[in-house]
Amino acid sequence: MQQPHIAALDDILYRVRVYREAPRVRADVLDLLRQYPSLYPVQGVLQPGGGPLLHLVGTIPIMYGGVQYNIPVKIWIPDTYPYAPPFVYVSPTADMIIAPRHKHVDNSGMVYLPFLNMWSGSSSLLALTTILSRTFSEDPPVRSQPAGARPAATAHRPLPSQPPQQQPPTSQPPPYPYGQTDYYSQPPSQQHVAEDPAVVMRRNALDNGTTKLQNSLREFYQATTKEIDGLMRQSSELNTRNATLEQEREATLRALEQAELELAQIDSLTLNVMQFISENENANTKVDIDLHTNPRDSLSMQLLQLVAEDATIEDVLYQLDRSAGSGNIPLDEYLKQVCPV
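Here is a short report on the structure shown in this document. (Residues numbered from 1 in each chain as written. Predicted model: local features only at pLDDT ≥ 70, side-chain atom pairs only at ≥ 80, totals over all residues. Heavy atoms only, no water.)

## Considerations on the pattern of salt bridges
Move 1: Scanning all chains against the criterion turns up 7 salt bridges.
Move 2: The closest approach of N and O atoms between D10 and R26, which form a salt bridge, is 2.6 Å. Taken together, the positions of D10 in helix 1 (residues 3-15) and R26 in helix 2 (residues 22-35) put the pair 16 residues apart, joining distant regions of the chain.
Move 3: A relative accessible area of 14% means that D10 is categorised as buried.
Move 4: Between R34 and D31 there is a salt bridge, and its shortest N-O distance comes to 2.7 Å. Of this pair, R34 and D31 both sit in helix 2, 3 residues apart, roughly one helical turn.
Move 5: Note on R34: relative accessible area 47%, which makes it partly exposed.
Move 6: A relative accessible area of 36% places D31 in the partly exposed class. (Salt bridge = Lys/Arg side-chain N within 4 Å of Asp/Glu carboxyl O. Helix = DSSP H or I, 4+ residues; strand = E, 2+ residues; numbered from the N terminus. Buried < 20%, exposed > 50% of the residue type's maximum accessible area, 1.4 Å probe, protein only.)

Here it is as structure tokens:
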């Protein structure tokens, strides 16, 4: 990483005091610049009337058709970073155009990615830029100007409309891909002087402390989330068991009510029997058993007679079998008696 990049970043963060998580912004930007030195920190205004913001301009390398190309981009960092995602724009040079109907880039150059939609506080600029490079390698977002258009001078390698010819990749992408209106009027080396070592040590200590605190908070968050998930599972199991116990309790209460009802009926019948015994215990009246045991309707009487006849036949056959088996009656007499039955 070039020292002017660090100096420019620190100068912007000092002047643009809108970031609540400035140490995190600085750490993520430094990580990005170490991997992509073709990007450079710049101060600017994203929307008319808005306040100044830090954004990164430059190129990100892609591999297309076996050849490396440099895609010009601008990455705007909102004041709520890292809790809100950056705004990413493809910024084509004068000899480039946005690829029509691109899957991830609209006509204004704004980039849309699932990674941006799923952005969280643990996401980073480095991960975003790596995904951008991989995505644009599969489908470049810019094309060269149509034939006949006069391309403007640029330090970038333009992407061809047709499959690219094998040309040697750029050995080192230029760090300043845009006009001087996007940069300071003087080189960074003329704007910044060597910093006080004490200030550097204090800032490094603050960054280290912030990183440790963020790691501790992240571990605490993960442990707390895991504990809450466990408690939620236990709560769900307890609720299920409670519902099962409530159902069993209701079934038990219904069975108890039915048992109490039947017990009341038994008590009533017992009382009637006891009253009958008490009334007839010393009575000399002769009880007609047939009156109390014979059926009261003709159909029941017929059924009783038929059952009695059937039982009689079974008894006769049984006795005949025993007599024949013991030799008390001869076989022909046995057959003569069995056939009519």
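After that view of the structure, there is still more to cover.
## Points about a negative patch on the surface
Move 1: On the surface, E309, D310, E314 and D315 cluster together to form a negatively charged patch.
Move 2: Relative to the elements of secondary structure, D310 occurs in helix 8 (residues 298-326).
Move 3: Under the relative-accessibility criterion, D310 is labelled partly exposed at 45%. (Patch = residues over 30% accessible without salt bridge, like charges linked within 9 Å, V, L, I, M, F, W, Y side chains within 5 Å. Areas by Shrake-Rupley, 256 points an atom, 1.4 Å probe, with all protein chains shown as cover. Lys, Arg positive; Asp, Glu negative; His and termini not counted. Charge placed at Lys NZ, Arg CZ, Asp CG, Glu CD.)

## Brief notes about the packing of aromatic side chains
Move 1: This structure, assessed with the given rule, holds 2 aromatic pairs.
Move 2: Ring centres 5.9 Å apart and planes at 50 degrees place the aromatic pair Y81 and W119 in the tilted group. Taken together, the positions of Y81 in the loop between strand 3 (67-76) and strand 4 (87-90) and W119 in the loop between helix 3 (114-117) and helix 4 (125-138) put the pair 38 residues apart, joining distant regions of the chain.
Move 3: The class for Y81 is buried, based on a relative accessible area of 1%.
Move 4: Ring-pair connections join several aromatic residues into one group, and the members of that group are Y81, F115 and W119.
Move 5: Residue placement shows R17 over the ring face of Y14; its charged tip is 4.4 Å from the ring centre. (Phe/Tyr/Trp six-rings, centres within 6.5 Å; stacked < 30°, edge-to-face > 60°. Lys NZ or Arg CZ within 6 Å of the ring centre and 35° of its normal.)

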